[in-house]
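Here's the letter readout for the chains.
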Amino acid sequence: MPLTPLLQRSWQRSQEAGLTPAGLGSAGPHASAVQLARARDRHHELIAHARPVLEFLFEQTRGTDSVVLLADAQGMLLDAIGDTGFSQRAARVALRPGAIWHEQWRGTNAIGTCLAEEQALVIHGDEHYLDRNGFLTCAASPIVDPAGRIIGALDISSDHRQAHRHTLGLVRSAARMIEQRLFETRHAQGLRLRFHSRPEGIASLTEGLMALSDDGWVIGANAAALSMLKLERGHIGALRADSLFGLDLRSIEAMARTPAEPRALRCPDGTMLWLRVDRSHSIEVMARRTDRQPDDALPPSPSPSSSDRSAQTTQDRPGQDDALSGFALGDPTLRQIVGRLRRLSGAPVGLVLQGESGSGKSALAQAVHRSGPRRDGPLRTLHCASLDADLLDDTLFGRPLERPPAPGLLRSARGGTLVLDEVADLPLPLQARLLRALQDDMLAPLPGEPAQPLDVALICTSRRRLIDEVACGRLREDLYYRLNGLTLMLPPLRERSDLAALCRQLLDAAGSAAAVHPDLLEPLAHYPWPGNGRQLANALRAASVQLEPHERMIRLEHLPDDLREELATLAQQPMQDLKGIKGGLGGPGRAERALPDAAEVARTVAACKGNLSEAARRLGISRNTVYRRLREAGEGTAADDSASR
Ligand SMILES: Nc1ncnc2c1ncn2[C@@H]1O[C@H](COP(=O)(O)OP(=O)(O)OP(=O)(O)O)[C@@H](O)[C@H]1O
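This write-up is about the structure you can find in this document. (Residues numbered from 1 in each chain as written. Predicted model: local features only at pLDDT ≥ 70, side-chain atom pairs only at ≥ 80, totals over all residues. Heavy atoms only, no water.)

## Some thoughts on the nonpolar core
Judged by nonpolar contacts, the single largest core of 30 residues is most densely connected at Leu 382, Leu 396, Leu 410, Leu 418, Leu 420, Leu 426 and Leu 434. Where this core is concerned, the elements lending two or more residues are helix H14 (389-397), helix H15 (409-412), strand S14 (417-421), helix H16 (428-440), strand S17 (457-462), helix H17 (466-471) and helix H18 (477-483). With five residues, H16 is the largest single contributor of residues to this core. The contact partners of Leu 426, leaving out residues within four places of it in the chain, are Leu 382, Cys 384, Leu 392, Gln 431 and Leu 434. Counting residues in hydrophobic clusters, the runner-up holds 29 residues, among them Ala 39, Leu 46, Ile 47 and Val 171. (Core = buried A, V, L, I, M, F, W, Y, C linked by side-chain atoms within 4.5 Å. Buried < 20%, exposed > 50% of the residue type's maximum accessible area, 1.4 Å probe, protein only. Helix = DSSP H or I, 4+ residues; strand = E, 2+ residues; numbered from the N terminus. Contact = heavy atoms within 4.5 Å.)

Rendered as structure tokens:
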């Protein structure tokens, strides 16, 4: 059978992974029930949107010996629906939730290969690398999120005698349905642009969708939009709508407010557009490409200077240009968080901010204070993890009997805000004392002064979930309920869709006029950022000082060595992992020697005193894989502490 170039590449990867066509008995990798539950929890949004589509596909294929599958971006099966008889047969080759169909484990197969090749495809019969999968014919399509990242794959697997030419089209369309649902949810509140070469293509599965941030940056686009505008994923977050459509944001917003007939527009590159505004304040744009040359790619728009941007922000969001708006850069989760904080503003409700180290909890706490009615009052912070019990007591409650008396933070924050950083690190006796003060809502009087009401807004931050701290006895339950009026979980940087905007903000804050080159945004978006915003801010600061005086764009070569190294490792994964373990081609089969599991990785990291780089070296895998394994084992938080080492 002549191999297509795609199959050649995939077979080559399978071979390099140490697989042999007759290999892999029953010992293929399979997530434990706990790991599967965690993965399903992590991907709950994808699963929720995919489930009705899976059911729809199942209806289309019912009675044809088929199973419909949903996988995550690593090829782990998250959901499956199929004909009972065939499902049992499929389960024998691990076509069931928890199995991992990444090419490195199961060779050429529709799910793993579509993820590796980033395209929809069919793998039929003996095109599968492993003989045992030869009875299957499978069609799969990647699923891409609004930020342009592949987040999973959809697959229909059938008995190879049931191969049908239309299956690939069906899977591809179904994947688009899921992507559209994700898009609508993630960008329900923002401005949305809809493109098509024909007016009747609007709202069809082939429409281009684009979402804009409040200040006009492109923060989401589906594959059709990128293809119609000849853009790449890296442009998401790096372009402004006005540079694409020749319309300033005010005009777009004005149209969004008034229902109107579609309006013709000509883009700067000659593309004809029709713009229609609907009542739900989304915008529909119909695009007709004119005689643009194929290589006439849209140039990335130059980033406006920070002064341009701040001027525009002030104009575009009257009354909203406060410290909190610095967190609404385009990521839907953060936008929702900011919305909830604005509604909370000034209410006497305890606020708890949870999130990984460096995800911006302290920065957000400061922004809450600066944007609320207590902004003119004091802002104080107590770092509960960094002081011993006596010092904490003195710092929080003061030393009233001393001459002069030391007031303590509870008193000095009166009329303002007190941030309790890592509140569960307060020793239990101090927690009891704090609870009493909060319940009394009064401060013990200083000598010669009357007792005073507390009058302090409390914000607690924690890297761990406070409810878990209660469960393990580190935080008093009664204090927890007193502190916890509204709990918000900040997303880790790797899950945010506003990386480009955050880079600009951090560079601005560092006083740098530099910008991140669009080509660099894609690798940065795939990096897991264990140190979150803190790590990004440091990397950008370090990179910006590497620029020559005539340079403005930060590129790969300007990044710190360790980050560059990790990005390079990441670019080579998963094959790099395999090489580290197997010593390249010809090594023993995957079934005999697997990647170290999460427990082994956790043990090695502990032996290396939390130094992830050293653990990676000892295990012969990349640091990024170490990090991923720790997260699988639920130990990401512990690793965060040492991740910057
Ligand atoms: N909107 C933002 N999102 C993420 N990071 C930000 C943001 N704004 C600023 N940062 C950067 O991230 C750094 C870390 O932020 P911050 O100290 O608030 O994190 P944290 O979650 O409180 O971390 P830790 O738990 O380690 O104390 C800041 O100093 C800043 O450089």
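## Considerations on the layout of surface pockets
Here the second largest pocket is characterised by a volume of approximately 800 Å³. Of all elements in the fold, only helix H13 (361-371), helix H19 (499-509) and helix H21 (532-544) reach the threshold of two or more residues within the lining of the second largest pocket. The greatest single-element share of the lining of the second largest pocket, amounting to eight residues, is contributed by H21. Taken together, the residues of the lining of the second largest pocket break down into 15 nonpolar, 14 polar and nine charged. (1 Å grid on protein atoms, 1.4 Å probe; cavity = no way out; pocket = protein on both sides within 12 Å on 5 of 7 lines; lining within 4 Å. Points joined across faces, edges and corners; volume = space filled by probe spheres on them. Nonpolar A, V, L, I, M, F, W, Y, C, P; charged D, E, K, R; others polar.)

## Remarks on the pattern of salt bridges
Applying the stated criterion across every chain, the model contains 23 salt bridges. The salt bridge partner of Glu 59 is Arg 62, with a shortest N-O separation of 2.6 Å. On the basis of relative accessible area, Glu 59 is assigned to the partly exposed category, the value being 45%. Put simply, Glu 356 and Arg 494 hold a salt bridge, and the shortest N to O gap is 2.5 Å. Of this pair, Glu 356 sits in the loop between strand S12 (351-354) and H13 while Arg 494 sits in the loop between strand S18 (486-489) and H19, and the two are 138 residues apart along the sequence. Neither residue differs from the other here; Glu 356 and Arg 494 are each classed as buried. Salt bridges linked by common partners bring Arg 9, Arg 13, Glu 103 and Glu 117 together as one network. (Salt bridge = Lys/Arg side-chain N within 4 Å of Asp/Glu carboxyl O.)

## Focus: the state of the cysteines
Within this structure, the stated rule accounts for zero disulfides. Of the cysteine sulfurs around Cys 460, a residue in no disulfide, the closest is that of Cys 384, at 7.8 Å. (Disulfide = S-S within 2.5 Å.)

## Topic: the site of the ligand
Around the ligand there are 16 residues in total, and Ser 357, Lys 361, Ser 362, Ala 363 and Arg 496 lie nearest to it. Within the side chain of Ser 357, an N or O atom sits 2.8 Å from an oxygen atom of the ligand. Note that an oxygen atom of the ligand is positioned 2.7 Å from one of the side-chain N or O atoms of Lys 361. About the coverage of the ligand: the protein hides 83% of its 640 Å² of free accessible area. For the ligand, the cavity whose grid points lie within 2 Å of the majority of its atoms is the second largest pocket. Among the secondary structure elements, those contributing two or more residues to the shell around the ligand are H13, H19 and H21. Here the residues of the shell around the ligand sort into five nonpolar, six polar and five charged. (Near = heavy atom within 4 Å. Polar contact = N/O pair within 3.5 Å; in protein donor to acceptor, adjacent residues only side chain to side chain. Areas by Shrake-Rupley, 256 points an atom, 1.4 Å probe, with all protein chains shown as cover. Sits in = over half its atoms within 2 Å of the grid points.)

## Comments concerning the side chain of Asp 83
Structurally, the position occupied by Asp 83 is in the loop between strand S2 (77-82) and helix H4 (84-92). Buried Asp 83, no salt bridge; nearest opposite-charge side chain is Arg 62, N-O distance 5.8 Å. For Asp 83, the side chain forms a polar contact with the main-chain nitrogen of Asp 65, separated by 3.1 Å. Among residues more than four places away in sequence, those in contact with Asp 83 are Phe 58, Thr 61, Arg 62, Gly 63, Thr 64, Asp 65 and Ser 66. (Lys, Arg positive; Asp, Glu negative; His and termini not counted.)

## Overview of empty space enclosed by the protein
Using the criterion set out here, one finds four cavities of 30 Å³ or more in the structure. Counted as a void, the largest cavity has a volume near 240 Å³. Ala 147, Arg 149, Ile 236, Leu 521 and Ala 525 are, among the 20 residues lining the largest cavity, the residues nearest its centre. Contributing elements (two or more residues each) for the lining of the largest cavity: H19 and helix H20 (518-526). For the lining of the largest cavity, the element with the most residues is H20, which contributes five residues. Of the residues assigned to the lining of the largest cavity, the class counts are nine nonpolar, five polar and six charged. When we break the lining of the largest cavity down by domain, the ones giving at least three residues each are domain 1 (5-184) and domain 2 (188-288). (Domains from an automatic or database assignment.)

## Brief notes about the packing of aromatic side chains
Tallied over the full model, the rule gives three aromatic pairs. Ring plane angle 70 degrees and centroid distance 5.0 Å describe the contact between Tyr 480 and Tyr 481, whose orientation is recorded as edge-to-face. By relative accessible area, which is 10% here, Tyr 480 ends up buried. Its end group placed over the ring of Trp 101, Arg 106 keeps NZ or CZ at 5.0 Å from the ring centre. When the ring centre of Phe 397 is taken as reference, the NZ or CZ atom of Arg 433 above it lies at 4.0 Å. (Phe/Tyr/Trp six-rings, centres within 6.5 Å; stacked < 30°, edge-to-face > 60°. Lys NZ or Arg CZ within 6 Å of the ring centre and 35° of its normal.)

## Here's the deal with the environment of Arg 192
Secondary-structure assignment places Arg 192 in strand S6 (residues 191-195). Assessed through its relative accessible area of 9%, Arg 192 is described here as buried. Considered as a pair, Arg 192 and Gly 220 are 28 residues apart in the sequence and their alpha carbons are 8.9 Å apart.

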